[in-house]
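Reading the structure
Here's the letter readout for the chains.
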Amino acid sequence: HELKTPITSLKASLQLLDRIKDNPPATGMLSKLVVQANKSLGKVNAMVEDLLNSSKANQGHLHISQENFILSSILKDCYHDLTADGIYSIETEGDLDIAVYADAMRIEQIVVNFLNNAIKYAAQSKEIRIRIEKADGMAKVSVIDRGPGIQPEKLRYIFDRYYRADNS
C-alpha cells in the first residue's frame, strides 16, 4: 500500500497533463505537473527497488541513504497528495526547524504509512496533525487524529508484521 500514494499522484499528474496537452495554460502549471510526476515516479522506482531487494532487508542489509535535511520540509511532501481533494486537513506543528541526518525516503514512507492509517482507521477525523519535537536528543514525529485509538491490550502487537489491531 506504500506504492499507492505515489502511483495515485503520478496518475493524477498524467491525467491533468493529458487534459491540457493541446491547450496548455499560460501559468507554470505544466512544469509543476511534470515535476510532480517525475517526483512520484522516482518514489515508485525507489520502492520497487526496495521490493526487489527485500531479501537483503530481511537479512538486515537494507541500504540506508542518509543526508542532512530539515524534517518539516520532507513531511510536507508526505501529505501534499493526501490533501489535494480537500477532504482532509493536515497541519505540521511544533519545532519546524529541526534538522536531522537520516534517510529522507524512509522517513517519508513511514509518515505516509501513518497518515494513511489515520485516514483509513479514523475516517471521521478530517483534521490530522503532524507534531515535530525534540525528545531525548532525537527528533520525534507524531501523527495525531481524533479516531478511536487502539485498545491498550493490542498496543504491544502494532509493530508485528501484518498485524492489524482492528480487522473490521
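Residues numbered from 1 in each chain as written. Predicted model: local features only at pLDDT ≥ 70, side-chain atom pairs only at ≥ 80, totals over all residues. Heavy atoms only, no water.

Notes on the sheet that holds strand β5 (residues 138–144)
Hydrogen bonds along the backbone pair up the strands of a sheet, which may run parallel or antiparallel. Pairing in this open sheet of three strands is mixed, and the strands run β2-β4-β5 from one edge to the other. Each edge of the open sheet is held by one strand with a lone partner, namely β2 (89–94) and β5. Direction aside, neighbouring strands of the sheet carry axes that sit 20 degrees apart on average. The pairing of strand β4 (residues 127–135) with β5 spans seven bridges and is antiparallel. What sits directly across from Ala135, in β5, is Met138. Where helix α4 (residues 71–79) meets the sheet, it contacts β2, β4 and β5, and its direction lies at approximately 160 degrees from that of β4. Lying on the sheet, helix α5 (residues 104–121) is in contact with β2, β4 and β5; it crosses β4 at an angle near 140 degrees. (Pairing = 2+ DSSP bridges. Helix = DSSP H or I, 4+ residues; strand = E, 2+ residues; numbered from the N terminus. Axes fitted to C-alpha atoms, helices over the stretch in contact; angles between N-to-C directions. Contact = heavy atoms within 4.5 Å.)

Considerations on the packing of helix α1 (residues 4–20) against helix α2 (residues 29–52)
In contact at an axis separation of 8 Å, α1 and α2 are set at 150 degrees when each is read in the N-to-C sense. By the angle between their axes, α1 is roughly antiparallel relative to α2. Note that α1 runs across α2; the crossing there is left-handed. Counted together, Pro6, Ile7, Ser9, Leu10, Ser13, Leu16, Leu17 and Ile20 of α1 and Met29, Leu30, Leu33, Val34, Gln36, Ala37, Ser40, Leu41, Lys43, Val44 and Met47 of α2 form the full contact between these two elements. (Parallel < 35°, antiparallel > 145°, perpendicular 65-115°, else oblique. Left-handed = near helix turned anticlockwise from the far one by under 90°.)

Things to note about unusual backbone geometry
One non-glycine residue, Asp136, lies in the positive phi region at around 55 degrees. Looking at the element boundaries, Asp136 is found in the loop between β4 and β5. Among the residues examined, Asp136 registers a relative accessible area of 80% and is labelled exposed. (Buried < 20%, exposed > 50% of the residue type's maximum accessible area, 1.4 Å probe, protein only.)

Details of α5
Between its terminal C-alpha atoms α5 stretches 25 Å, which fits the 26 Å expected from 18 residues at 1.5 Å a residue. Every buried residue of α5 is accounted for by Ala104, Arg106, Glu108, Gln109, Val111, Val112, Asn113, Leu115, Asn116, Ala118 and Ile119. Capping the start of α5 is the job of one residue whose side-chain oxygen sits 3.1 Å from the backbone nitrogen of Met105: Asp103. (Expected span 1.5 Å × (residues − 1). Polar contact = N/O pair within 3.5 Å; in protein donor to acceptor, adjacent residues only side chain to side chain.)

A word on the pattern of salt bridges
Oppositely charged side chains may form a pair once their charged atoms are brought near each other. Per the counting criterion, the structure on display carries five salt bridges. Measuring nitrogen to oxygen at the nearest pair gives 3.7 Å for the salt bridge that ties Asp103 to Arg106. Both residues of the pair, Asp103 and Arg106, belong to the buried class. (Salt bridge = Lys/Arg side-chain N within 4 Å of Asp/Glu carboxyl O.)

Looking at the environment of Lys32
As for its position among the elements, Lys32 is in helix α2. Assessed through its relative accessible area of 62%, Lys32 is described here as exposed. With 76 residues separating them along the chain, Lys32 and Glu108 place their C-alpha atoms 20 Å apart.

Section: empty space enclosed by the protein
Unoccupied space between atoms shows up once a probe the size of one water molecule is rolled over them. Within this structure, the stated rule accounts for one cavity of 30 Å³ or more. As for the largest cavity, its lining consists of 14 residues, of which Pro6, Lys43, Met47, Glu108 and Val112 are closest to the centre. Among the elements of the structure, α1, α2, α4 and α5 are those that each provide at least two residues to the lining of the largest cavity. Sort the elements by how many residues they give to the lining of the largest cavity and α5 lands first, with four residues. The residue inventory of the lining of the largest cavity, partitioned by class, reads five nonpolar, four polar and five charged. (1 Å grid on protein atoms, 1.4 Å probe; cavity = no way out; pocket = protein on both sides within 12 Å on 5 of 7 lines; lining within 4 Å. Points joined across faces, edges and corners; volume = space filled by probe spheres on them. Nonpolar A, V, L, I, M, F, W, Y, C, P; charged D, E, K, R; others polar.)

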